[in-house]
Amino acid sequence: MVLTSVFSLFLLALVAPLVTRVAGRYAGWVLATVPAGWAVWYAGFIARVGEGEVITPASLVWVDSLGVALSTRVDGLSLMFALLVTGVGALVVAYAGGYLAGHHHLGRFYGYLIAFMASMLGLVVSDNLIAIFIFWELTSVTSFLLIGFGHDRAAARTAALQAMIVTGLGGLALLAGLLLMGVAAGTYEFSEMLEGGITLGDHPLYIGILVLVCLGAFTKSAQFPFHFWLPGAMEAPAPVSAYLHSSTMVKAGVFLLAKFSPVLGGTEEWAWTLQIVGGVTMVYAAFLAARAVYFKRILAFTTVSSLGAMVMLLGVGGPGEAAAMGFLLAHAMYKGTLFMVAGSVEHQTHTKNVEQLSGLMRIMPVTFAAAALGAASMAGVAPFFGFTAKYLMKGPIPEAAAGSFLVIGVMAMGIFMTTAALLVAYKPFVGKPNEAASAGSEAGPALLLGPVVLSVAGLIGGLMPGLFVQPLVASATAAVTGDAPEKALSSSIGMINMGTLLSTSTLAIVLGVVFYAVRDMLRRTTGLMDRLDPMLSGPVVFQRVLSGTLWFGRLQTRLLQNGSLNTYIRTTIIGFIALVLGLGANRLKNAFLWQDAERPSLLGMILVVLLIVSGVAATVFRYRLAAVAALGMAGVASALIFVFYGAPDVAMTQFAIETLTVLIFVLVFYHLPQFTSFTGRMQKFSDWVVSLAFGAVMAGMVMLAVQTDMAPKISGYFSENAVPLAYGRNIINVILVDFRAADTFGEIVVLGIAGVGVAALLSVSGRSQNPTKPDGGVA
Amino acid sequence: MTAQLLASLPLLVPMTGLVLCLVFWRWVALQRGVMVGVALSLSATAVALLLRTTGGEVLAVRLGDWPAPMAITLVVDQTAAIMVLLTAVVAVACTLFSLGGIDRTREHSAYYALLCGLFAAVCGAFTTNDLFNLYVWFEVMLMSSFVLLSLGGRRAQIEGAIKYVTLNLISSTLFLAAIGLTYAMLGTLNMADMAERLAAAENPGQFTPVAAIFLVAFAIKSASFPFFYWLPASYHTPPSVISAVFAGLLTKVGIYVMIRFFGLMFPASHPDAGMIYHIILWLGGFSMVTGVLSAAAQMEIRRILSVHIISQIGYMLMGLGIAGSALHRAANDGDPGGVLAGAAALALAGTIFHIAHNMVVKVNLFLVAGTVERICGSGDLNRIGGLYAARPGLAALFLIPALSLAGIPVLSGFWSKFLLVRAGLVAEAYVIIGVSLFVSVLTLFSMIKIWIYAFWKPAPENAEPHNPDRDPTVGPMRWQYAGSLFLTCVTILIGVFANQAIRAARIGADQLIEPRAYLDAAMDRAGEPASADPASAGEGVAR
Amino acid sequence: MHLLMAITVGMMYATGLYMMLRRSIVKLLIGLVLLSHGSNLLIFTAAGLSEGNPPLIRPGEDGMVGPHTDPLPGALILTAIVISFAILAFACVLVKRGYEEVGTDDQNAMNTTDQ
């Protein structure tokens, strides 16, 4: 049934364009019912999973020899994510119907969005590492299509490319990491690792696995220095941002780290890597958020910051994991709200810059209410869920390895988050409606449903944690730590001093407000960041690396593939000589030292000298007919050698073919120019060196073969059986027409095809003849 | 059907087609019919062969019924059957495409006959066990491809053809010389016989320099580093369907022959095996990197795809290299638990799988490129665009094989990547695996580049108006779509039914590593303990 | 004698390659012919030279008597000669067409198909 939920969504994605055509403007509502239904279905598990139960349906074996199966496992972590994926997914599909109403590619959009949903759901419920990877890559592909949805704009195309390459890079690292995990653990089934109590911390491959898995997770979850693709991905339509870039895809990295922490976590390397990378990302991105001006960009940076915080908390371990889970759930709700609000505002007012808006509160009151609730949660104001999350967070951090640094970091994040919250929920809404704001109107029901539901859920989560927040967070934490659910939360709650918490929170909020007030100054004084950030990490580096690679590719192409045939021949032969000498220089050298028992005969020597002389003559003659004559001479000489050594048949053929060859040459040369010498003396000299080296290698080969006789030759059979079995006395002929007739058949085919080719070339030549060249047509 | 007949059909079917096409010289419609018939019967033959060989049976036919090893023997094991099947798949797709996409002039210049000749030669090379016969099929293949390449005779084609012809002739010359040397040393032309004789020889290292010549000859055929120059110079010049056939078949024959030859002649027990496979591994690594870098720098669809072949060939060499090195290490340093042997089998299976997958996907991409060129009048990425909005069907037909090539899951390319990477990691070949993963990202980049420029980017304003559907010199476009659609379905099906496909590749790999059955079939030793003929008496030496 | 023949084979390959390395494309054709001479002689020499009888069975006898030249290399060479002739004929016409299209027989002028 769990797999069915995944497959049904894939199926829905396939039919989405059709549904869109049939259902028209209600398509969003229709399509949203399916994920909504699954959300309800998954919600039914909250109680059971909250009691520590793990649901493991039967798996579907895919490739048995490799241990790849579509096996599923729903524990607290998976359940929380499954609910987010389907629940927020349903809201977003409905939202998209309003946001993109009338768009001519809306059907495709639904298809991609729901396909993404299915992939993401598959990712979070899978138990098999390879299945996880498969769905992981599918989320990359579908998100590529979603980010590039507005593909008429160059920025959207670039952003899609960046996102795809960065997550693709991470995906490959992840693949290697998962495969190594499989090698180290002896299975791809994660549940088997858990049940077997396998921890890989001491395995010799551990560092490799950790680095690769972290690369995969960090790229997907936009951790520093890979964070740049996420703000870029804001080119995507708002529903995509609200879904992929707040609650689902970017959290896949966090999900993976959380899921794997029982197997990979608990080591120094794990703690330091996650704390440092997460901590830096958290502070850095929060700061960038506080000084951004575009609605969605602010949100994107806060998202990166929050993801950093989650990674950091996972690195802290123990109670930090509970905090990470709580924060994750809270973040999904308020960030989903705010992204949808941003989309609605943009949709209604056609303005993206928060500084250019004011007074929207009167025009879009419901939207404002949702925004306010979400922003309060984001700022960590009590009693919102965001506060609870913060509350969980403050406890374990001072105990962590990088404790003092992290305490400051969390504080800084709190401040900047408050500023960002004010920027998105206060600045555009309060005051007098300006021109841009007055142009808008309150959004329709499709655009309102999502923000309202999510923001209210955030409020309820803070007010009545027992309703769904506590069981979810507790069981998710239990899945990560391996403790029982009730124990998982209590241990972290006990660590907090309420007084400190309230005072630091208040301080953060106050400072955040101060920064909001002086935000213009903040932006101006830190203007350097505008140039620094891209240089540190962003699109510029990406572009540089890319264009560097392309430059290198072009350079290499120019060097290797320069268009000159004789360079190609030269390189090929030099490569040949190098390979042969590399594999057998010694043997070839020894071959020359062999003492031949057979004395050279006078006639043989004369023929050999004749052959060499005519060969060399062919190369030095400047007149083409002389060269052809020398060539003919060489042919005759080699034919005579065949006669001399008892192969008259070969000689006869050689004579015949030689005659024909010379004839063809003369005919063709009639149409071709005289020899021209294009090369200088040095080139000729070096060509001779290469040629003679090549000749020497081949001569060495002959010598080697002459003295190597590993087994008797099979030709005795032909001599013995030519008459009795094949009724022929000329053994060579018998071999050609009988013993090895297939070769001769192939040879005839070659001749025939060559004939076709010559005819075709000549006929084209005849047709395309330029009348000014009357000598060319006939041959 | 008897095993003998079945094993000779891959050669006989297209040969018959060739003859019929020549007979029907004047009736192009009949030639089309013949071509369709050849493609379908070749597919049926291949399926039958695959089913027959799945159980480990190896089919052999000694042409003329002369005793082994004197006769030219065609041998079909699982790997050969897979290759024939893929050839048939390519034949079906390219035939479909040709019905709509090849111009009338070429059809009248023996196009279908040449195609049949090419398929016959490729099948001959896949099945023959005789080294000189292999040379003959290579020459038939080259000759057909020469003519196909230069038909039409535009300047670019002629220039490309001259380079192609010259460099391939060097390969043929080297190959021929190596055959002569091999015969001088081992006294036989039957590859199975050669393998057994070499294994029994006192000083098998004497053969290694000759093997180096074979390596270079096959490396030129398969366009691996540093012998690939002919490929980027020529592959993009003929009509796309001809490029597609070349891209799908020619280089793969080179790789296949390399696997077959070195697998037989250099088993782990050969003293120089480690060195040979190490070199192959490095050739693979450099091919991957140079190919993908050049591809990334290109701006024309078919050039990108052509150059990219080199990179894919690198993957195949890598698989062979990993497998050979792992087996060699296992034989010399011991292999507790059979880990290395398992990795080797996996790597070789991955290579076979990759060849098969690549044939399907590469041909498809070339066919789509042909359709794009027909619609837009150019393949230059800077001059085309807007196809995603205008032709969503074509976009899907491009995107699926492109993602498959980049190894995105569920499609066939993912599994070959998975097999190779896993085998490499188990065999601890970390460097080459790292390189291959990096190359994989650039592959993805190249494919996305085509997608972004040709499909997403709006069409440039100066694009000339063009009505591809009413071109009197070629057939209707729906046939072109049909060819691509067929191959797209194949790549999806291979991905979904990966279990069966991997099992077949694994059987093939096991047969290559432990070629007992192949040797017995090629040497006609079915059932009898020792062969009776004089020349190979005493040759039943265990490898 | 084997050494002499080996050197001859080597020279055939060397001269053939040298001709192929010229930029004039006509010389390339001559080079091809020299290379194929080299290959034929290589097959012939490597299999072992013997100034014995040709592999012809005298009337009245059932098989060869006494030492004789190995017939198999001869058969291979015959096939190879014909095949290389076929290819040469095609190459000649191709080169002629190339000259007509490009207007020079300089190989380096034929570089429009590469980058």
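Residues numbered from 1 in each chain as written. Chains lettered and ligands numbered in written order. Predicted model: local features only at pLDDT ≥ 70, side-chain atom pairs only at ≥ 80, totals over all residues.

J.: Please clarify how the overall build of chain C should be interpreted in this entry.
T.: Looking only at helices and strands, chain C has three helices and zero strands in total. The C-alpha radius of gyration of chain C comes to 19 Å, more than 25% above the 13 Å expected for a compact globule of 115 residues. Counting only C-alpha atoms, chain C reaches 65 × 30 × 20 Å along its principal axes. Within chain C, the proportion of its 115 residues that are buried is 73%. Partitioning the contacts of chain C with sequence separation of at least 6, the portion at a separation of at least 24 is 54%. (Helix = DSSP H or I, 4+ residues; strand = E, 2+ residues; numbered from the N terminus. Rg over C-alpha atoms; globule rule 2.2 N^0.38 Å. Buried ≥ 20, exposed ≤ 12 C-beta atoms within 10 Å, placed from the backbone. Contact = placed C-beta atoms within 7 Å.)

J.: When you look at the overall build of chain A in this model, what are you seeing that I'm missing?
T.: Secondary structure summary: chain A contains 35 helices and two strands in total. Taking 779 residues into account, the globule formula puts the C-alpha radius of gyration at 28 Å, and chain A, at 38 Å, lies well above it. Each of the three principal axes of chain A carries a C-alpha extent, and together these read 115 × 70 × 55 Å. Looking at chain A residue by residue over its 779 residues, the buried ones come to 57%.

J.: Quick question: what am I supposed to make of the confidence of the model for chain A here?
T.: Caution applies to low-pLDDT parts of the model: their predicted coordinates are not meant to be read in detail. The share of residues in chain A with pLDDT of 70 or more is 90%, and the mean pLDDT across the chain is 84. Residue range residues 768–779 of chain A is modelled with pLDDT below 50. Its contacts to residues more than four positions away, or to other chains, number nine contacts. (pLDDT = per-residue confidence, 0-100.)

J.: In this structure, what is going on with the packing of helix H33 (residues 715–726) of chain A against helix H34 (residues 731–739) of chain A? I would like to understand it.
T.: Pairs of packed helices are described in terms of their axes, by the angle between the two and the distance that separates them. Residue and element names in this part refer to chain A. Direction vectors running N to C along H33 and H34 enclose 65°, while the axes themselves pass 10 Å from each other. When the interaxial angle is binned, H33 and H34 end up roughly perpendicular. In terms of crossing hand, the pair formed by H33 and H34 is left-handed. Contacts from Phe-718, Ser-719, Ala-722 and Ala-726 of H33 reach H34 at Ile-731, Val-734, Ile-735, Asp-738 and Phe-739. Partitioning the contact of H33 with H34 into residue classes produces seven nonpolar, one polar and one charged. (Axes fitted to C-alpha atoms, helices over the stretch in contact; angles between N-to-C directions. Parallel < 35°, antiparallel > 145°, perpendicular 65-115°, else oblique. Left-handed = near helix turned anticlockwise from the far one by under 90°. Nonpolar A, V, L, I, M, F, W, Y, C, P; charged D, E, K, R; others polar.)

J.: Where do I start with the interface of chain A and chain B in this structure?
T.: Many authors give the size of an interface as the accessible area that is lost as the parts come together. Contact with chain A, which involves 77 residues of that partner, is made by 87 residues of chain B. When residues of the side of chain A that touches chain B are assigned to their parent elements, the largest contribution, 15 residues, is made by helix H35 (residues 741–767) of chain A. Among the residues forming the side of chain A that touches chain B, the class breakdown is 48 nonpolar, 18 polar and eleven charged.

J.: What am I meant to see in the confidence of the model for chain C here?
T.: Model confidence for chain C is summarised by a mean pLDDT of 84, while 96% of its residues fall at 70 or above. In the model output, the complex is listed with pTM 0.92 alongside ipTM 0.94.

J.: What's the story with the domain arrangement of chain A in this structure? I'm lost.
T.: Partitioning chain A into domains gives domain 1 (1–265), domain 2 (268–526), domain 3 (601–676) and domain 4 (730–779). If you average the C-alpha positions of domain 1 of chain A and of domain 3 of chain A, the two centres end up 72 Å apart. (Domains from an automatic or database assignment.)

J.: Whenever I open this one, the interface of chain A and chain C confuses me. Can you help?
T.: Between chain A and chain C, the residue contacts involve 94 residues of the former and 82 residues of the latter. Ranked by the residues each element gives to the side of chain A that touches chain C, the list is headed by helix H32 (residues 681–707) of chain A, at 13 residues. Per-class residue counts for the side of chain A that touches chain C are 52 nonpolar, 28 polar and 14 charged.

J.: Explain the environment of Leu692(A) to me, please; I cannot follow it from the model alone.
T.: Residues and elements named next belong to chain A. Here Leu-692 shows up in helix H32. Since 18 C-beta atoms lie within 10 Å of it, Leu-692 is described here as partly exposed. Sequence-wise, Leu-692 and Ile-641 are 51 residues apart; in three dimensions their C-alpha atoms are separated by 22 Å.

J.: Explanation requested: helix H5 (residues 111–127) of chain B in the structure shown.
T.: Side chains three or four residues apart in an α-helix point the same way, a direct result of the helix having 3.6 residues per turn. Over its 17 residues, H5(B) runs 24 Å from end to end, which matches the ideal 24 Å to within 8%, given 1.5 Å per residue. Of all the 17 residues making up H5(B), 17 are buried; the element is thus mostly covered by neighbouring parts of the structure. (Expected span 1.5 Å × (residues − 1).)

J.: Would you mind showing me how to read the nonpolar core here?
T.: Soluble globular proteins tend to bury their nonpolar side chains together. Core analysis: the biggest nonpolar cluster contains 584 residues, and Ile114(A) and Val424(A) have the highest contact counts within it. Broken down by element, this core gets its largest block of residues, 24 residues, from helix H14 (residues 339–376) of chain B. Contacts of Ile114(A), omitting those with residues within four sequence positions, involve Leu9(A), Leu12(A), Ala13(A), Ala16(A), Leu31(A) and Val93(A). (Core = buried A, V, L, I, M, F, W, Y, C linked by C-beta atoms within 7 Å.)

J.: I would appreciate a short explanation of the pairing of strand E2 (residues 73–76) of chain B in the present structure.
T.: Note on strand geometry: in a regular strand, side chains alternate between the two faces of the sheet. Residue and element names in this part refer to chain B. Along E2, one buried face is formed by Thr-73 and Val-75 and the opposite face, lined by Leu-74 and Val-76, is buried too. Summarising the sheet, strand E1 (residues 59–62) and E2 pair through four bridges and their orientation is antiparallel. Looking at E2, one finds that Val-61 is bridged to Leu-74. (Pairing = 2+ DSSP bridges.)

J.: Sorry if this is basic, but what is going on with the packing of helix H2 (residues 28–53) of chain B against H5(B) here?
T.: Residue and element names in this part refer to chain B. One way to put it is that H2 packs onto H5 with a least axis distance of 10 Å and a crossing angle of 20°. Relative to H5, the element H2 is oriented roughly parallel. For the pair H2 and H5, the sense of crossing is left-handed. Each of Gln-31, Arg-32, Val-34, Met-35, Val-38 and Leu-42 in H2 lies in contact with H5, whose residues at this interface are Tyr-112, Leu-115, Cys-116 and Phe-119. Tallied by class, residues from the contact of H2 with H5 come to eight nonpolar, one polar and one charged.

J.: Can you help me understand unusual backbone geometry in this one?
T.: Outside of glycine, negative phi angles account for most residues, and trans bonds account for most peptide bonds. In the segment running from Phe224(A) into Pro225(A), the intervening peptide bond is cis, with an omega of 0°. Relative to the helices and strands, Pro225(A) is located in the loop between helix H9 (206–220) and helix H10 (229–232). Looking along the chain, the bond that leaves Ala68(B) and enters Pro69(B) is cis, with omega of 0°. If you trace the backbone, Pro69(B) turns up in the loop between E1 and E2. Despite not being glycine, Ala222(A) has its phi angle at roughly 55°, a positive value. Locating Ala222(A) in the fold gives a position in the loop between H9 and H10. Positive phi values are uncommon outside glycine, yet His350(A) reaches one of about 60°.

J.: Looking at this model, I keep getting lost on helix H31 (residues 648–671) of chain A. Mind explaining?
T.: In this model, H31(A) (24 residues) spans 35 Å end to end at C-alpha, consistent with the 34 Å of a helix rising 1.5 Å per residue. Considered for burial, the residues of H31(A) that qualify are Asp649(A), Val650(A), Ala651(A), Thr653(A), Gln654(A), Ile657(A), Glu658(A), Thr661(A), Ile664(A), Phe665(A) and Val668(A). Buried-residue contacts for H31(A) involve helix H30 (624–644) and H34 of chain A together with helix H2 (25–46) and helix H3 (71–102) of chain C.

J.: What's the story with the environment of Asn358(B) in this structure? I'm lost.
T.: Take Asn358(B): it is sitting in helix H14. By C-beta crowding, Asn358(B) is classed as buried, having 27 other C-beta atoms within 10 Å.

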